[in-house]
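# Observations on the model geometry
Residue strings, one per chain:
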Amino acid sequence: MLHITDVSLAQKWAETLDIGTRNELYHLLLRVVDNAETQNAVNETIHIADARETAQIARCADGIRVIGLDTLISQDYAAVFSRLLSKSPNAELCPGNEFGCAAALAVEFVQSGGRRIAVSFMGLGGFAPTEEVLLALRVTIGYKPGLDLSVLAEISAAYERAGAGKAGERKPVIGRKIFNVESGIHVNGILKNAANYEPFSPETVGLRRRICLGKHSGRSAVVYKLKTLGKSADAESIGRLLQEVQAQSARLSRGITDTEFEGIVERIL
Amino acid sequence: MKEQRYIVDTTLRDGEQTAGVAFSLAEKVRTALLLDRAGIYQIESGAPMIGKIEKDTICKIIENRVNSKISTWNRIAESDIRHSLDCCPDIIHISAPVSYPHIYSKLKKNKEWLRNRLRECAGFALEMGYEVTIGYEDASRADMSFVISLTEMLGALGVSTVRIADTVGVLTPSRTTEMIREVHNAADVRIEFHAHNDLGCAAANSIAAARAGAAFIDTTLFGLGERAGNCDMRTFIKSAAQMYDIRPSLADAETLENELITLNR
């Protein structure tokens, strides 16, 4: 099992903020995988659990790295950040993810004027997931709009191959199934304009959208799927196909595969 | 004494909307029983307009309830609400897309149409004697002055609660805080917040919403939901229980998920 130390990633991330190309990002993150076990702690690291300690820290030299503050979301984080940054403008924040709020804290820190954050790919080691922070900064403040993030899917696969960790199917930004869509309202909205129900396009992060059929499907999805089979049908037949898709999905307690749909089409049309 | 906050569980509605997820009647009824026993304030049980099986399921859930309020999900259509009436829920929830992309490019209607339709639908459900909550779909990308004017109208009508939905999961905690405060100040209605986890910020945004005055927070078991999911119940409770009087406890939420895993194995 690969263990990635917080500090090594903090160091690496600080570098990523200043790079701009897909290749550099890719190699940088892979290097972290390769070298993780040999990374040594660097100096000037302070582990911190209580936001009140930041006042004390602020008196230290500039360029301090603050690690922890897992519970900061429940406090006045904006005030804590501004106090820290007013004394130490180059302070680096590496929020801990014990409460599942590290990505949001990293983003808030940047929006408060913080210049350096430390995060880890997939949140390994208990930190803010790199991929979430990158997308959140892209979507909310347009950070580095030219940076090609489609490499994230490849990095995720490389991490899995290296045994570093496996992203869940629904993991924000890199989960294999996050752009699968089934419900009638969503499919209909996406076919009109994908931005209706997607915060960023699947291609942005190297993934693909999949229109799925199941209990929550509507007519648009049936029409769409028929079209991919090179077929069309009248309104009445579409209604019957939809009924069968919904009933079969409810019976199986899962979605309907493309092959199963072809079977339904053959039986009904 | 700690302030109270309430969980609205939407595992059976938005959670089930996850592509590839479909619960059988028995699974939904069983899940609702466990949610009820854990002390969930409100269970969003599904959308009666989907069809007969969904309706039968919802009726069974309502029949079994002890502690929880059971709500049903409706589009802004009187026909949807009539299907809900057949189930006699505790709360009728009506979802209205409020962002311009949703109103103009998805519905292909306009603001006036939406306002009138919403007034008619909310008015209809209220006249039938129901508690009505209104969901602002895609509120995070909406024009706030429009959202506020809708809230004033709905508050005057007698709607108890408005739900701010971050439908595509693009909010951050500070933006969430601003939005909740603005809507809260607009009218005398209670605020509910509904997060999605596209940017990994669902739990943080939900905490921010609770701190800004949202009394109700939507969550799902296992963080199920469209795309990267909704706000995961356990993650939210873990932070929220330190600040608020809230049910279930973290231990009860964990037990609940474990029981479901065992039951559905």
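Bear in mind the structure is a predicted one, so any value in this text is a computation, not a measurement. (Residues numbered from 1 in each chain as written. Chains lettered and ligands numbered in written order. Predicted model: local features only at pLDDT ≥ 70, side-chain atom pairs only at ≥ 80, totals over all residues. Heavy atoms only, no water.)

### Digging into the overall build of chain B
Just so we agree on the cut-off: Put simply, DSSP H or I for four residues or longer makes a helix, DSSP E for two residues or longer makes a strand, and each gets a number counted from the N terminus. Think of it in three bands: with a 1.4 Å probe and only protein chains considered, a residue is buried below 20% of the maximum accessible area for its type, exposed above 50%, and partly exposed in between. Whether two residues are in contact is decided by their heavy atoms, any of which lying within 4.5 Å being enough. Per-residue and other accessible areas follow the Shrake-Rupley method at a 1.4 Å probe size, with only the shown protein chains counted as cover for residues.
Of the regular secondary structure elements, chain B holds 11 helices and 8 strands. Looking at chain B residue by residue over its 265 residues, the buried ones come to 64%. Long-range contacts, defined as pairs at least 24 residues apart, comprise 73% of the intrachain contacts of chain B with a sequence gap of at least 6. Looking at chain B as shown, the accessible area adds up to about 9100 Å², and 50% of this sits on carbon and sulfur atoms.

### Considering the layout of surface pockets
In this approach a probe as big as a water molecule rolls over the atoms, and the regions it shows empty are the leftover space. Using the following cut-off: Residues are said to line a cavity or pocket when one of their atoms sits within 4 Å of a point; the points come from a 1 Å grid over protein atoms alone, cavities being sets where a 1.4 Å probe fits but cannot get out and pockets being open sets with protein on both sides within 12 Å along at least five of seven lines. Grid points are joined across faces, edges and corners, and a volume is the space filled by probe spheres set on the points. In this classification, the charged set is Asp, Glu, Lys and Arg, the nonpolar set is Ala, Val, Leu, Ile, Met, Phe, Trp, Tyr, Cys and Pro, and all remaining amino acids, among them Gly, are polar. By convention here, the domain bounds are inherited from an automatic or database domain assignment.
Within this model, the second largest pocket holds a volume of roughly 870 Å³. Residue lining of the second largest pocket: 37 residues in total, with Arg170(A), Lys171(A), Pro172(A), Phe222(B) and Ala228(B) positioned closest to the centre. Taken together, the elements giving at least two residues each to the lining of the second largest pocket come down to α5 (102–111) of chain A together with α9 (202–211) of chain B. A class-by-class count of the residues in the lining of the second largest pocket yields 16 nonpolar, 13 polar and 8 charged. Looking at which domains feed residues into the lining of the second largest pocket, each of domain 1 (6–161) and domain 2 (179–269) of chain A gives three or more.

### Looking at the packing of helix α7 (residues 144–157) of chain B against helix α8 (residues 173–186) of chain B
All names here are of chain B. Worth spelling out the cut-off: A fitted line through C-alpha atoms represents every axis, and for helices the fit uses only the stretch in contact; the resulting angles, taken between N-to-C directions, go from 0 to 180 degrees. Less than a right angle of anticlockwise turn of the near helix away from the far helix marks a crossing as left-handed, whereas a clockwise turn marks it as right-handed.
The interhelical angle for the contact between α7 and α8, taken along N-to-C directions, is 35°, at an axis separation of 8 Å. Seen from above, α7 lies across α8 with right-handed handedness. Where α7 abuts α8, its residues Met144, Val147, Ile148, Thr151 and Glu152 lie against Arg175, Met179, Glu182, Val183 and Ala186. Class assignment of the residues belonging to the contact of α7 with α8 gives a composition of 6 nonpolar, 1 polar and 3 charged.

### Focus on the packing of aromatic side chains
Definition in use: Between the rings of Phe, Tyr and Trp (Trp by its six-membered ring), a pair exists once the centres lie within 6.5 Å; its type follows the angle of the planes, with under 30 degrees stacked, over 60 edge-to-face, and the other angles tilted.
Taken as a whole, this structure holds 9 aromatic pairs over all chains when the rule is applied. Ring centres of Tyr77(A) and Phe81(A) lie 6.3 Å apart, and the angle between their planes is 50°; on these two criteria the pair is classed as tilted. You can see Tyr77(A) and its partner Phe81(A) sitting in helix α4 (residues 77–87), 4 residues apart, about one turn around the helix. Neither Tyr77(A) nor Phe81(A) differs from the other in exposure class; each is buried. Seen from their ring centres, Tyr100(B) and Phe146(B) are 6.3 Å apart, and the 45° between their planes marks the pair as tilted. Here Tyr100(B) is found in helix α5 (residues 100–106), whereas its partner Phe146(B) is found in helix α7, with 46 residues between them in sequence. Judged by relative accessible area, which is 27%, Tyr100(B) ranks as partly exposed.

### Looking at the interface of chain B and chain A
You'll often see interface size given as the accessible area lost when the parts meet. To keep it simple, the criterion reads: Put simply, buried area is how much 1.4 Å-probe accessible surface two parts lose in total, over both of them, once they are put together. In the sections that follow, a salt bridge refers to a side-chain nitrogen of Lys or Arg positioned within 4 Å of a carboxyl oxygen of Asp or Glu. Each polar contact in these results corresponds to two N or O atoms within 3.5 Å; when the atoms are within protein, one needs to be able to donate a hydrogen and the other to accept it, and residues that are neighboring in sequence are counted only if both atoms are side-chain atoms.
Counting residues at the interface gives 47 residues for chain B and 47 residues for chain A. In total, chain B and chain A occlude about 3800 Å² of area from one another, counting both sides; carbon and sulfur atoms represent 56% of this. Our count for the contact surface shared by chain B and chain A stands at 3 salt bridges. As a salt-bridge pair, Glu54(B) and Lys215(A) come within 3.3 Å of each other at their nearest N and O atoms. Applying the counting criterion to the chain B and chain A interface returns 24 residue pairs in polar contact (both at pLDDT 80 or more). Of all the secondary-structure elements, those providing two or more residues to the side of chain B that touches chain A are α2 (25–37), β3 (69–75), α5, α8, α9 and α10 (233–243) of chain B. Sort the elements by how many residues they give to the side of chain B that touches chain A and α10(B) lands first, with 5 residues. Of the residues in the side of chain B that touches chain A, the class split is 17 nonpolar, 16 polar and 14 charged.

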